[in-house]
Amino acid sequence: MQATAGKSSAIQKKNIESPSLPKAPTGIQGLDEITNGGFPRGRPTLVCGSAGAGKTLLAMEFLVRGATQFNEPGVFMAFEETAAELTQNVRSIGFDLDELAEEKKLAIDFVRVERSEIDETGDYDLEGLFIRLGSAIDSIKAKRVVLDTIENLFSGLQNEGILRAELRRLFRWLKDRGVTAVITAERGEGPLTRHGLEEYVSDCVLLLDHRMVDQISTRRLRIVKYRGTAHGTNEYPFLIDEGGFSVLPITSLGLQHHVNDERISSGVPRLDTMLGGEGFYRGSTVLISGTAGTGKTSLAAHFVDAACRRGERSLYFSFEESPGQLIRNMQSIGLDLAEWVKKNLLRFHSSRATLYGLEMHLAIVHKIIHEFQPQVVVIDPVGSLVQAGNRRDAHIMLIRLIDFLKQKGITGFLTNLTSGGEAIEKTDVEISSIVDTWLFVRDIELGGERNRALYVLKSRGMAHSNQLREFRLTDHGVDLLDVYLGPDGVLTGSSRLSQETREKAAAFERRQEAERRQRDLTRKREALEARITALRKEFEIEQEESATVGAEEIASEKFMAESREAMARSRGADQSEGIASTKKQHRSQDGKNTKR
């Protein structure tokens, strides 16, 4: 057992140290990612699928991308369509095969195989095909080869032994020539292909599937096997449009995306104030939910308008309104989105959710984001995606979308319609737990009116308001007002206006009462000051009269004293002690009066 373990470790070490398998990049968006670099260089790759799955287009794009992007000429050998038919078919997606043929970068050879002309004998072989294919390869020094489709080449053979032998010879011949080959094959009932052998002799096998679920078309790709290298093993949605073949390379993403501390405006100043005064985090995901008609799209339009004013590109996915309808409706609240469309700062993509399957919607979102490179993306509304599948699938698809936006550093703004009969703080697709900021708009019925209100349910990583704000749509945009609390709860609309009128009237009455009391106090103060002045004057008069009476009394006493003294002298009498005392008293009194 120890020897076995040692041998296993040695093999693992050898695999780690051995160089990776050489690969030829396909140039197809997403396909090189899931194959970790492309198809095995110098080896055959089998692409199988049912009719209309996209086999021929993938093979042709492999050659065109190789010739134009990697300077690797290619040979396309067709057993079903002529060169003219192939050239016409792929011209609609921008491929000019005639120009590539003139530049010796591409050679197309149509081999007509008539089943009735094939004579099945033991001498049947592919020598003629090898000579023809080898000549085409040498003529342009091709590095890539496509055989489309292999069933037509062996359509007349019934001998399984001959078939197996010739298939092995074909794959071995391609390997010996050192060309990177793509061979297309029809999907069989049991095995991957009709013959059941191609997948075993191929080094890489891709399965294309075009399925219908609830009358909705979905295309998916799966790498069945890939010898000598790691590869994605999940089913990946792919898209065929005017740009060619593109594969969505992810089924889910990790949580290793970059976090940005920069804040960007919501486009509504008072909403920014509710979010710590600065708005949303760049690269975060914002969800706004509410019942119909509450203004979710209007807030999304404000967010887009603010981004375009900053010179940032915005991408708006709408599943319910056309671009013209959105632009017209937003003009009623003072937003001119047509201006940003003309400046290529805003792009709308409108389609019904039922047009594609969920995977196809995700692939389209990826493709347009890759082309337009926006900083802001709006999905309006996300609940419509349930119509393209079910709630579980829509939930998974949106998780993948949100992870993709975070990985790209794109700020996502999602709207969601809340049904009146369900819990208001719940989304149809159950993504509220993975968004960073959740806003809710609701109707408040009061006084025979329905008015809007907005509040922040959560906003991770920032202080935010817990208040309910009245939400109005005006001709100059969204306006958030402070709500009033009355005896019956929150007041909005006419009830709020009535409450404001009553409060203004009460405040006016209080001001009038205060002014009346102030006037009364002023009158009382003036009367009191007048009375104080009168009393002071009366006191001064009485004081003067008292001083006059005192002076007269002293003068009278002095006169009488002088009269007695004069009488005493006239009689020749001695001065009595009483007279001297009286004189002394008079002198003392005169001194005091002098000092006064």
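What you see is a predicted model, and the numbers here were worked out from it, not measured in a lab.

Reading the values: the criteria
Residues numbered from 1 in each chain as written. Predicted model: local features only at pLDDT ≥ 70, side-chain atom pairs only at ≥ 80, totals over all residues. Heavy atoms only, no water. 1 Å grid on protein atoms, 1.4 Å probe; cavity = no way out; pocket = protein on both sides within 12 Å on 5 of 7 lines; lining within 4 Å. Points joined across faces, edges and corners; volume = space filled by probe spheres on them. Helix = DSSP H or I, 4+ residues; strand = E, 2+ residues; numbered from the N terminus. Nonpolar A, V, L, I, M, F, W, Y, C, P; charged D, E, K, R; others polar. Core = buried A, V, L, I, M, F, W, Y, C linked by side-chain atoms within 4.5 Å. Buried < 20%, exposed > 50% of the residue type's maximum accessible area, 1.4 Å probe, protein only. pLDDT = per-residue confidence, 0-100. Contact = heavy atoms within 4.5 Å. Salt bridge = Lys/Arg side-chain N within 4 Å of Asp/Glu carboxyl O. Expected span 1.5 Å × (residues − 1). Patch = residues over 30% accessible without salt bridge, like charges linked within 9 Å, V, L, I, M, F, W, Y side chains within 5 Å. Areas by Shrake-Rupley, 256 points an atom, 1.4 Å probe, with all protein chains shown as cover. Lys, Arg positive; Asp, Glu negative; His and termini not counted. Charge placed at Lys NZ, Arg CZ, Asp CG, Glu CD. Phe/Tyr/Trp six-rings, centres within 6.5 Å; stacked < 30°, edge-to-face > 60°.

### Here's the deal with empty space enclosed by the protein
The final tally for this structure, using the stated rule, is one cavity of 30 Å³ or more. Estimated volume of the largest cavity: approximately 30 Å³. Among the elements that take part in the lining of the largest cavity, helix α14 (residues 358-372) stands out by supplying three residues, more than any other. In terms of residue class, the lining of the largest cavity is built from four nonpolar, three polar and no charged.

### Observations regarding the nonpolar core
Across soluble globular proteins, nonpolar side chains show a tendency to be buried alongside one another. Judged by nonpolar contacts, the single largest core of 37 residues is most densely connected at L299 and F413. When residues in this core are grouped by element, the largest group, seven residues, is from helix α11 (residues 296-309).

### What about the confidence of the model for the protein chain?
Taken residue by residue, the protein chain gives an average pLDDT of 81. The fraction at 70 or more is 80%. A low-confidence stretch, residues 1-19 (pLDDT under 50), is modelled with zero contacts involving residues beyond four sequence positions or located in other chains.

### Observations concerning the pattern of salt bridges
Opposite charge on two side chains lets them pair, provided their charged atoms get close. In the structure shown here, the tally under the stated rule is 27 salt bridges. Here R43 and D203 are joined by a salt bridge, their closest N and O atoms 3.2 Å apart. Of the two residues, R43 is situated in the loop between β2 (39-40) and β3 (44-49) and D203 in the loop between α9 (198-201) and β8 (204-213); the sequence distance between them amounts to 160 residues. A relative accessible area of 3% means that D203 is categorised as buried. Salt bridges sharing partners connect three or more residues here, namely E513, R516, R517, D520 and R523.

### With respect to α11
For an α-helix, the turn length of 3.6 residues means that residues three or four places apart are oriented alike. Between its first and last C-alpha atoms α11 spans 20 Å; for 14 residues at 1.5 Å apiece the expected length is 20 Å, and the two agree. Counted residue by residue, α11 has 13 buried out of 14 residues, so it is predominantly covered. Of the residues trailing α11, G311 is marked for its positive phi of about 85°.

### Looking at a negative patch on the surface
Together, E538, E540, E542, E544 and E545 make up a negatively charged patch on the protein surface. Inspection of the secondary structure puts E538 in helix α16 (residues 493-571).

### Regarding the packing of aromatic side chains
Per the counting criterion, the structure on display carries eight aromatic pairs. Taking the centre distance of 5.3 Å and the plane angle of 45° together, the rings of F39 and F62 count as tilted. Pair noted here: F39 is in strand β2 and F62 is in helix α3 (residues 55-69), with a separation of 23 residues, a long-range link. The buried category is assigned to F62, whose relative accessible area is 0%. Relative to Y455, the ring of F440 has its centre 5.6 Å away and its plane inclined at 40°; by these criteria the two rings are tilted. Here F440 is found in strand β19 (residues 437-446), whereas its partner Y455 is found in strand β20 (residues 449-459), with 15 residues between them in sequence.

### Points about the side chain of S298
Along the chain, S298 falls in helix α11. Since its relative accessible area comes to 8%, S298 is described here as buried. Sequence-distant contacts of S298, that is, excluding residues within four places in its chain, are made with M330, I333, L473 and V478.

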